[in-house]
Amino acid sequence: SKLLQGKNVVVMGVASERSIAWGITKSLHNAGANLIFTNRQERSYQKLTKLLEKNEIEAKLIVSCDVASDESITNAFDEIKEKVGVIHGVVHSVAFANRDELKGEYADTSRDGFLLAQEISAFSLVAVTKAAKPLMTEGGSIVTQTYLGAERVIQNYNVMGVAKASLEASMRYLAEDVGKYGIRVNAVSAGPIRTLSAKGVGGFNEKLGIIEEKAPLRRNVDQDQVGDATLFFLSDLARGVTGEVMHVDSGYHIIG
Ligand code: 0WD
């Protein structure tokens, strides 16, 4: 049977057809998962319902969730519990930083901008894990999306790189917390992919060019490749893996 047949998976962060979470959606759907979606904005909800229709994918449930609010997260997972019951996976594909802080010098980061990036991009995984845990009574898998800027200084990524470092460390601490309940927590570190969020990072096109030139595979990755890697983490194939960051970046991270 299929890898995720009959499994209930929550996908957070489909904003458009270009979203990494949309690539993930297609992989999970093909693997037989029942999908539950969360959106922040009405605009994303409209786009998502159109995309689902076009691709003949039926959502089990769509709920609104703004990860800036504990109440919104609690309400979303309460509704999922009530209408779906047990869940087996969560895909966390959400991040935010002020656009004017994704260029220039990191030293110019404002206090508010720093805290905002940490809140939406890193703390949200903590809050979501806490909310999802009681619904994962049959064990589960939580997968977040990170980037190389967590490990190295990548020009313009600045405050988001520091937020991703926090996200990766949180992922490891959370993996320890929930491992005893049979829940795994992992991260996919994707290479640059042109999405709505990526447009906000200064010098994005140059980044794509450098990968084509220097990465072992000499090409950029796409949303579908991230989708399949995320599927691996969600599936039983990864039953022995937790607290891991897996790079889906054409091997770029090994190059000095
Ligand atoms: O090159 C890239 N695109 C990479 C992205 C490389 C490596 C990692 N990533 C990460 C991003 O940092 C993020 O964590 O992948 C994740 C998804 O990013 P994406 O697919 O590039 O971005 P996008 O299509 O813009 O989706 C981001 C979602 C949007 O959904 P909504 O429904 O809100 O429009 O994150 C959402 C964002 O708005 N988001 C929020 N969702 C809930 N609550 C919030 C929030 N407060 N803020 C932003």
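So, a few notes on the structure that sits alongside this text.

Definitions and limits used
- Residues numbered from 1 in each chain as written.
- Predicted model: local features only at pLDDT ≥ 70, side-chain atom pairs only at ≥ 80, totals over all residues.
- Helix = DSSP H or I, 4+ residues; strand = E, 2+ residues; numbered from the N terminus.
- Rg over C-alpha atoms; globule rule 2.2 N^0.38 Å.
- Buried ≥ 20, exposed ≤ 12 C-beta atoms within 10 Å, placed from the backbone.
- Contact = placed C-beta atoms within 7 Å.
- Pairing = 2+ DSSP bridges.
- Core = buried A, V, L, I, M, F, W, Y, C linked by C-beta atoms within 7 Å.
- Axes fitted to C-alpha atoms, helices over the stretch in contact; angles between N-to-C directions.
- Left-handed = near helix turned anticlockwise from the far one by under 90°.
- Expected span 1.5 Å × (residues − 1).
- Near = placed C-beta within 6 Å.
- Nonpolar A, V, L, I, M, F, W, Y, C, P; charged D, E, K, R; others polar.
- Bend = angle between axes of the 7 residues up to and from the residue.

## Looking at the overall build of the chain
Then step 1. Helix and strand counts for the chain come out as seven helices and seven strands.
Then step 2. When the helices and strands of the chain are placed in sequence order, the string is β-α-β-α-β-α-β-α-β-α-β-α-α-β.
Then step 3. The C-alpha atoms of the chain give 17 Å as radius of gyration, which agrees with the globular expectation for 256 residues (18 Å, within 12%).
Then step 4. Among the 256 residues that make up the chain, the fraction classed as buried is 46%.
Then step 5. For the chain, contacts bridging at least 24 residues in sequence account for 77% of all contacts bridging at least 6.

## Overview of the pairing of strand E5 (residues 140–146)
Then step 1. Summarising burial for E5: seven of the seven residues are buried, a large majority.
Then step 2. Of the two faces of E5, both are covered, the one formed by Gly140, Ile142, Thr144 and Thr146 as well as the one formed by Ser141, Val143 and Gln145.
Then step 3. Where strand E4 (residues 89–92) meets E5, four bridges bridge the pair, whose relative direction is parallel. Opposite Gly89, over in E5, you have Ser141 as the bridge partner.
Then step 4. Of the strand pairs in this sheet, E5 and strand E6 (residues 183–190) are connected by seven bridges, and their pairing is parallel. In the strand pairing of E6, Gly140 is matched with Ile183.

## Focus: the environment of Thr137
Then step 1. Within the secondary structure layout, Thr137 lies in the loop between helix H4 (111–132) and E5.
Then step 2. We classify Thr137 as partly exposed; it has 13 C-beta atoms within 10 Å.
Then step 3. Each C-alpha atom, one on Thr137 and one on Asn205, is 44 Å from the other, the two residues being 68 residues apart in sequence.

## A few points about the nonpolar core
Then step 1. With 70 residues, the main nonpolar core has Val9, Val10, Val11, Leu28, Val91 and Ala132 as its most contacted residues.
Then step 2. Ranked by residue count, the leading element in this core is helix H5 (residues 158–179), at nine residues.
Then step 3. Those residues within four positions of Leu28 in sequence are excluded, and the remaining contacts are Leu4, Val9, Ala33, Leu35, Leu231 and Leu234.

## Digging into the packing of helix H3 (residues 70–83) against H4
Then step 1. Contact pair H3 / H4: the axes reach a minimum separation of 10 Å and the direction vectors enclose 30 degrees. Note that H3 runs across H4; the crossing there is right-handed. Note on element contacts: H4 touches H3 through Ala127, Val128, Ala131 and Ala132, opposite Asp70, Ile73, Thr74 and Phe77.

## A closer look at helix H2 (residues 42–54)
Then step 1. In a regular helix each residue adds 1.5 Å, so 13 residues correspond to 18 Å; H2 covers 19 Å between its end C-alpha atoms and thus fits that length.
Then step 2. At the C-terminal side of H2, Glu56 shows a positive phi close to 55 degrees.

## Quick word on the sheet that holds strand E3 (residues 59–64)
Then step 1. Pairing is parallel in the open sheet, where seven strands are placed in the order E3-E2-E1-E4-E5-E6-E7. Only two strands of the sheet have a single partner each, and these edge strands are E3 and strand E7 (245–248). When strand polarity is set aside, the average angle formed by the axes of neighbouring strands in this sheet is 20 degrees.
Then step 2. By the bridge criterion, four bridges tie strand E1 (residues 8–12) to E4 in an arrangement that is parallel. Looking at E4, one finds that Val10 is bridged to Val90.
Then step 3. The strands touched by H5 are E5, E6 and E7; relative to E6, the strand with the most contacts, the crossing angle is about 160 degrees.

## Concerning unusual backbone geometry
Then step 1. The phi torsion at Asn156 lies on the positive side, around 80 degrees, for a residue other than glycine.
Then step 2. By the element assignment, Asn156 lies in the loop between E5 and H5.

## Remarks on the site of the ligand
Then step 1. Around the ligand sit 29 residues, and of these Ala15, Ser19, Arg40, Ser44 and Thr195 come closest.
Then step 2. Among the secondary structure elements, those contributing two or more residues to the shell around the ligand are helix H1 (20–30) and E5.
Then step 3. Here the shell around the ligand is built from residues that sort into 15 nonpolar, eleven polar and three charged.

## A closer look at H4
Then step 1. The end-to-end C-alpha distance of H4, which contains 22 residues, comes to 30 Å, matching closely the 32 Å that a straight helix rising 1.5 Å per residue would cover.
Then step 2. Phe123 marks the point of greatest bend in H4, at about 45 degrees.
Then step 3. Burial in H4 covers these residues: Ala117, Ser121, Ala122, Ser124, Leu125, Val128, Thr129, Ala131 and Ala132.
Then step 4. Its buried side turned inward, H4 meets H3, E4, E5, H5 and E6.

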